[in-house]
Amino acid sequence: MKGTPGNTVILHWDEFRTTWAELSWRDWVRFRGLGDGGLSLLAGAEAGEHYFLVCILGDRGELCNAIPHRYVMSTDGRLVHGFDGLEAAEREESSRIEELVLPSSEDAERYKEFGARGLSVNLPPVHTVQPLLRAIPGLAGAQQGAACWHFLSAIGICRASPRAN
């Protein structure tokens, strides 16, 4: 499931207010440099590390996927650096594998490893997790086996067992 303005909520950690705030789709696209002019700008953002969580929702508003992002911002609110946990050669290898129609089992395993490293370097700090759990839309409706559980389990959240203890 791919994110669109209609099924995506972007959360941004505000260190000063110690809260996760929703960022508009337009601001996210502009910040990522995907809008008109290709500028990577987030108005009002302070210099330093910034954490975002892209939440992709299903038809019933349930959380389907949660993709963490970590960026370094300049003093003028521009994106300076993103993190993927890969060295340059690994990034090239990952891109090569991504373009394969039928990757070998070795390529698929390697790509999975790259993804796991990318996830781990983008996880939000521990002190942001409790506020994040209050802010994530559709969390209660997340289905077992949904892609969001990769992120949720990485921050220490487990799905409740349907069996009584």
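Student: Teacher, can you tell me more about the confidence of the model for the chain here?
Tutor: Residues shown with low pLDDT carry predicted positions that ought not to be read at fine detail. Predicted confidence across the chain gives a mean pLDDT of 87, with 90% of residues reaching 70 or more. When pLDDT is averaged over each helix and strand of the chain, the minimum, 76, is found for strand β5 (residues 79-82) and the maximum, 96, for helix α4 (residues 129-135).

Student: Looking at this model, I keep getting lost on the packing of aromatic side chains. Mind explaining?
Tutor: For any pair of aromatic rings, geometry is given as the distance between the ring centres together with the angle between the planes. What the rule picks out here adds up to seven aromatic pairs. Measuring from centroid to centroid gives 5.9 Å for F52 and Y71, while their planes differ by 65°, and the two rings are edge-to-face. A residue pair is termed long-range when its members are at least 10 positions apart, and F52 in strand β3 (residues 48-57) and Y71 in strand β4 (residues 63-73) qualify at 19 residues. Given a relative accessible area of 2%, F52 falls into the buried group.

Student: Sorry if this is basic, but what is going on with the sheet that holds β5 here?
Tutor: The strands that make up a sheet are held in pairs by hydrogen bonds between backbone atoms, and each pair lies either parallel or antiparallel. Judged by pairing direction, the sheet is antiparallel, and its five strands sit side by side in the order β2-β1-β3-β4-β5 without closing on themselves. With one partner strand each, in any of the chains shown, β2 (19-23) and β5 form the two edges of the open sheet. Within this sheet the neighbouring strands show an average axis-to-axis angle of 35°, counted without direction. Sheet contacts for helix α3 (residues 105-122): β3 and β4; angle to β4, the most-contacted strand, approximately 65°.

Student: Sorry, what's going on with unusual backbone geometry here?
Tutor: Trans peptide bonds make up the majority, and among non-glycine residues the majority have a negative phi. One non-glycine residue, T18, adopts positive backbone phi at about 50°. Within the secondary structure layout, T18 lies in the loop between β1 (8-14) and β2.

Student: Explanation requested: the environment of G156 in the structure shown.
Tutor: With respect to the helices, strands and loops of the structure, G156 is situated in the segment after α5 (148-154). What makes G156 exposed here is its relative accessible area of 54%. Considering only alpha carbons, one finds G156 and G61, 95 residues apart in sequence, at a separation of 23 Å.

Student: How should the nonpolar core be read in this particular structure?
Tutor: One finds L53 and I136 to be the most contacted residues of the largest nonpolar core, which totals 20 residues. Counting residues per element, the ones that place at least two in this core are β1, β3, β4, α4 and α5. Contact partners of I136, with chain neighbours within four places excluded, come to L11, L53, C55, L63, F151 and L152. Core analysis: the second largest hydrophobic core is formed by 11 residues, I10, W28, F31 and F52 among them.

Cut-off values and rules
Residues numbered from 1 in each chain as written. Predicted model: local features only at pLDDT ≥ 70, side-chain atom pairs only at ≥ 80, totals over all residues. Heavy atoms only, no water. pLDDT = per-residue confidence, 0-100. Helix = DSSP H or I, 4+ residues; strand = E, 2+ residues; numbered from the N terminus. Phe/Tyr/Trp six-rings, centres within 6.5 Å; stacked < 30°, edge-to-face > 60°. Buried < 20%, exposed > 50% of the residue type's maximum accessible area, 1.4 Å probe, protein only. Pairing = 2+ DSSP bridges. Axes fitted to C-alpha atoms, helices over the stretch in contact; angles between N-to-C directions. Contact = heavy atoms within 4.5 Å. Core = buried A, V, L, I, M, F, W, Y, C linked by side-chain atoms within 4.5 Å.

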